[in-house]
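Chain residues, written in single-letter form:
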Amino acid sequence: MKTFILFILAAFGVTTAAYAGVTGDVNNDGAVTSTDVTVLYNYLLNSDDTFLSTSDVDGDGHITGADITMVYNILLNGSQPAPEYIDFSVNGVTFRMIYVKGGTFVMGNDNNASESPAHSVTLTDFYMAETECTQALWKALYPDYAYFAEVGDQKPCNGQWYSEILQFVDALNDYLHANGALAAGKNFMLPTEAQWEWAARGGVKSEGYTYAGSNNINDVAWYSQNSDFVVHDVKLKVPNELGLYDMSGNAFEATTDNFSMDYSWVTEGEVDPTGSSASSAYGLTRRGGSCTQGAARCTVTKRDFNDVEMNGGASEDMSFRLIMK
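Note on numbering: residues in each chain are counted from 1, in written sequence order. Given that the model is predicted, a residue must reach a pLDDT of at least 70 before its local features are reported, and side-chain atom pairs must reach 80 or more before they are shown or counted; all residues, however, enter totals for whole chains, interfaces and linings. Heavy atoms from the whole structure form the basis of all side-chain values; hydrogens and water molecules are not counted.

Caption draft 1: Looking closely at the packing of aromatic side chains. Aromatic contacts are taken between Phe, Tyr and Trp rings whose centres are within 6.5 Å, Trp giving its six-membered ring; a plane angle under 30 degrees counts as stacked, one over 60 as edge-to-face, and the others as tilted. Throughout the structure, instances matching the rule amount to 16 aromatic pairs. When the centroid spacing of 5.3 Å and the interplanar angle of 55 degrees are considered together, the rings of W138 and Y145 count as tilted. Both residues of the pair, W138 and Y145, belong to the buried class. Three or more aromatic residues link up through ring pairs in this structure, and these residues are W138, Y142, Y145, F148, F168 and F320. For a Lys NZ or an Arg CZ to count as sitting over a ring, it must be within 6 Å of the ring centre and within 35 degrees of the ring normal. The ring of Y85 carries R96 above its face, with NZ or CZ at 3.7 Å from the centroid. One residue, R286, lies across the ring of F252, its end atom 3.8 Å from the ring centre. Under the scheme applied here, a residue whose accessible area is under 20% of the maximum for its type counts as buried, over 50% as exposed, and between as partly exposed, the area being computed with a 1.4 Å probe on protein chains only.

Caption draft 2: Broad picture of unusual backbone geometry. Backbone torsion omega between S116 and P117 reads 0 degrees, so that peptide bond is classified as cis. Numbering of helices and strands runs from the N terminus, with a helix taken as a DSSP run of H or I at least four residues long and a strand as a DSSP run of E at least two residues long. Relative to the helices and strands, P117 is located in the loop between β4 (103-107) and β5 (119-123). We note that F229 has phi near 65 degrees; this positive angle belongs to a residue other than glycine. Inspection of the secondary structure puts F229 in the loop between α6 (217-220) and β8 (252-258). According to the relative accessible area criterion, F229 is exposed, its value standing at 51%. Phi at D246 takes a positive value of approximately 60 degrees, unusual for a residue other than glycine. Note on placement: D246 falls in the loop between α6 and β8.

Caption draft 3: Region of the structure containing the nonpolar core. Only buried residues count toward a nonpolar core, which is a set of Ala, Val, Leu, Ile, Met, Phe, Trp, Tyr and Cys residues joined through side-chain atoms within 4.5 Å. Core analysis: the largest hydrophobic core is formed by 38 residues, its most contacted members being F88, F95, F168, F188 and F320. Top element by residues in this core is helix α4 (residues 162-178). It accounts for eight residues. Working rule for contacts: check all heavy atoms of both residues, and any pair within 4.5 Å makes them a contact. Excluding residues that lie within four positions of it along the chain, F320 makes contacts with E132, C133, W138, C157, I165, F168, L190, F252, E253 and A254. Core analysis: the next-biggest nonpolar cluster, separate from the first, contains 20 residues, F105, V121, L244 and Y263 among them.

Caption draft 4: Layout of α4. By definition here, a helix of n residues has an expected span of 1.5 Å times n minus one. Helix length check: α4 (17 residues) gives 25 Å between terminal C-alpha atoms against 24 Å at 1.5 Å per residue, within 8%. Listed in full, the buried residues belonging to α4 are Y162, E164, I165, F168, V169, A171, L172, N173, Y175 and L176. Positioned one or two residues after α4, G180 has a phi angle of 75 degrees, which is positive.

Caption draft 5: Molecular detail of the state of the cysteines. Disulfides are defined as cysteine sulfur pairs within 2.5 Å. A complete count under the given rule lists zero disulfides for this structure. Looking at the unpaired C133, the closest cysteine sulfur is the one in C157, lying at 4.0 Å. Look at C133 and you get buried, because its relative accessible area is 5%. According to the relative accessible area criterion, C157 is buried, its value standing at 0%.

Caption draft 6: Region of the structure containing the sheet that holds strand β10 (residues 284-287). In space, the four strands of this open sheet follow the order β11-β10-β8-β12, with mixed pairing throughout. At either margin of the open sheet sits one strand with a lone partner, and together these are β11 (303-306) and β12 (318-319). Two elements, β8 and β12, share two bridges in a ladder whose sense is parallel. Following the sheet pairing, F252 is matched in β12 by M318. Between the N-to-C directions of two axes lies an angle of 0 to 180 degrees, each axis being a line fitted to C-alpha atoms and, for a helix, fitted only over the stretch in contact. Those strands touched by α4 are β8, β10, β11 and β12, and its axis lies near 90 degrees from that of β8. A pair of strands is considered paired only if DSSP assigns at least 2 bridges between the two.

Listed below in structure tokens is the structure:
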């Protein structure tokens, strides 16, 4: 039997959050100002390439007057764009949250009964973890925790009860708030199915791939044909369009939504839907497939369940990925 120790050592190191990748911040000073416009002019007029790596503001592969226009528009709108990512550190273990801009998309797949009917969903912005929660991050909060089905600091957590996962998320929020690294009103949580699928598809950058980041599953996923049926370290495969790793394969990822046999209960066009309100004998929905599953179970639309009533939701190939709102 696993022993779940719920404490955080007072001797833990300082927790920090590093904001980076602000669109339009050409000179990397943490803000978009008229200086960034000057830097771009210096490049175009004088070939000053001091900030070459950050000068392609619109991301089209070229540095032109369009980049200057984009910075001007940011300044004229009077608001700073959200950082493209935020790094948090807990007792020396750093994890990255990637900005996921909201939008409207067609969720589901009419070719599969459990994924139909396909329906329109609108999501507001959120941040999602670059990887599944690693064992290193878990142990940064719970250093004496001993049970992982497959052990390795850079492997995703695996084999935890659903209640343990929720306790970990609460403890992470408490710790980061207490250390001032997480703003009041912001919290980590598990994603809904809709948030998970939007991010797996690549959000506003989606190329329409079958798997998260490619139509070739071997590019992006550890699954039954290449994994030896064990979870692997995170970030060994290619990320998807948003820079998120292992959303197909490696380990199933828990969501907050009750599993339903299909989407017959949905309201078309709902904003930030939270799943079926009816409890399910099948438990909660999990997404993404795993190292033990075939390719068909690892698509961005495939839905699966973890039986919370039967085994606490634990399985050796299930993990979780954080979001922040």
